[in-house]
Structure formats: structure tokens, C-alpha cells
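For reference, the chains in residue letters:
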Amino acid sequence: TWHFFRAWLPLFLREVHDYSERSVNYFSTAYYLSADAGSLLMGFLALRLASTGLGVHRSRTLVYAGCALIALLSLPIAQLSRGPVLLGLLLLLGFAALGLFPIYYSFSQELTAHHQGKVSGLLGFLNWVAMFFMQRTVGRYIEGTGDYSLAVALAGIPPMIGLGVLLLLWRGPPR
């Protein structure tokens, strides 16, 4: 979700919603500040929940689930018209999309303490390979159809898939 919107948001706002380049630049600043806030605050929220006795893994899972649900705002965003509702929802989506990152990296630390660098490096590599194919595919689709709505709508779904996998296959760190 984060990688889709960081790359396609300016074009989506200019080409679909006819915002000026200057307006998009100003909005992008707000978008990145919102995303930074999400990253920081979601990490703090997981820590706060864990400190109340909820448990570290469960706290992380709840915060991830909340961010994944907010990322689904991509579905209505794809259909909205230009205006403050669209921009407000995009700010909230950016908040949640980058809010997933500290939780994701925290989960990777649960896998292994001894091989953390290898795990993070491999996951990062796989992510960037996937982003290469995703960005090319999206570019070809948009170039061929001139339509952003399907790509924007689908961009919020991967965190929910990740949550499903997390809930079905992983109950917490090894003991």
C-alpha cells in the first residue's frame, strides 16, 4: 500500500482529479508528514498496549489489524471526486500505510534474534523485487486503460492479506 501510493499518488491527483502540480507538491508534504506520524505513533501504540499486559505479539497484531483496516480506505478513495474528503482520506491512508512498517519489522524480530540481519535483508530484497513487478504492471495497466480506479482500490488490500496470513499461520514468537 505504501509503495503504491508513494509512487502513484502525485499522478493520481494530477491526472484523475486535475490538481495542479503546486497543489500536489503541497499535499505531498502533508501526506509524508501524516505517514511519518503513523509510523511513529503506531510503534508507540503497540508499546503502550504491550505495557498494559496485553502481550507483545497480541499488541502488535492489534495495531497491524487497525492499520490494515484503515488501508482499505483505498476502496472508497478510488471512487471519490476531487475535494477535502478525498484528501483527508488519503492522509489517513498514508498514516496507516506507513504505520504498518514498525509493526512489520517488529514481527520480523520475533522470528529470530540471532539471524535478524539475514531475515530483514531477505524480506527487504523480496519486497523490492515485488515492487519492481507491481510498479511495471500498474504502469502498463494505467497506460493501456487510462484508468487509476482499479489500481487505487486494490492497493489497500495487501495488508489485509498479510493480516490473514498472520492470524492463520503465526501464533507468536517461538518459545
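Above this text is the structure in question.
Conventions and cut-offs
Counting restarts for each chain: residues are numbered from 1 in the order of the written sequence. The predicted origin of the model limits local features to residues at a pLDDT of at least 70 and limits the giving and counting of side-chain atom pairs to 80 or more, whereas totals for whole chains, interfaces and linings rest on all residues. Only heavy atoms go into the side-chain values, all of them from the structure, while hydrogens and water stay out. Strands here are runs of E lasting at least two residues and helices are runs of H or I lasting at least four, both read from the DSSP assignment and numbered beginning at the N terminus. For this analysis, a nonpolar core means a set of buried residues of the types Ala, Val, Leu, Ile, Met, Phe, Trp, Tyr and Cys, connected via side-chain atoms within 4.5 Å. Residue exposure (1.4 Å probe, protein chains only): buried if accessible area is under 20% of the type maximum, exposed if over 50%, otherwise partly exposed. Here a polar contact means two N or O atoms within 3.5 Å. Within protein one must be a hydrogen donor candidate and the other an acceptor candidate, and residues neighboring in sequence count only if both atoms are side-chain atoms. Whether two residues are in contact is decided by their heavy atoms, any of which lying within 4.5 Å being enough. Here the axes come from fitting lines to C-alpha atoms, over the contacting stretch only for helices, and the angles between their N-to-C directions go from 0 to 180 degrees. If an angle is under 35 degrees, it is roughly parallel; if it is over 145, roughly antiparallel; if it lies from 65 to 115, roughly perpendicular; otherwise it is oblique. For any helix crossing, the convention is left-handed if the near helix is rotated counterclockwise from the far helix by under a right angle, and right-handed if that rotation is clockwise. Lys, Arg, Asp and Glu make up the charged group, whereas Ala, Val, Leu, Ile, Met, Phe, Trp, Tyr, Cys and Pro make up the nonpolar group; the residues left over, Gly among them, are polar.

1. Some details on the environment of Arg22
Relative to the helices and strands, Arg22 is located in helix H2 (residues 21–54). Measuring from C-alpha to C-alpha, the distance between Arg22 and Val138 comes to 25 Å, with 116 residues separating the pair along the chain.

2. Re the nonpolar core
Membership of the largest hydrophobic core comes to 27 residues, with the highest contact counts inside it found for Phe5 and Leu13. Among the secondary structure elements, those contributing two or more residues to this core are helix H1 (2–16), H2, helix H5 (84–111), helix H6 (116–145) and helix H7 (149–155). Of all the elements, H1 adds the most residues to this core, at 7 residues. Core analysis: the second largest hydrophobic core is formed by 14 residues, Val63, Phe95, Ile103 and Leu163 among them.

3. Focus: the side chain of Ser149
Note that Ser149 resides in helix H7. For Ser149, a relative accessible area of 19% puts it in the buried group. Only 2.9 Å separates the side chain of Ser149 from the side chain of Asp147, close enough to count as a polar contact. Once you skip the residues sitting within four places of it in the chain, Ser149 turns out to touch Ala78 and Gln79.

4. Here's the deal with the packing of helix H3 (residues 56–71) against helix H8 (residues 158–169)
Where H3 contacts H8, the axes come no closer than 8 Å and their chain directions differ by 150°. Looking at the two axes, H3 sits roughly antiparallel to H8. Here the hand of the crossing between H3 and H8 comes out left-handed. Along the contact surface, H3 presents His57, Thr61, Tyr64, Ala65, Ala68, Leu69 and Ala71, while H8 presents Pro159, Met160, Gly162, Leu163, Leu166 and Leu167. The residue makeup of the contact of H3 with H8, split by class, is 10 nonpolar, 3 polar and no charged.

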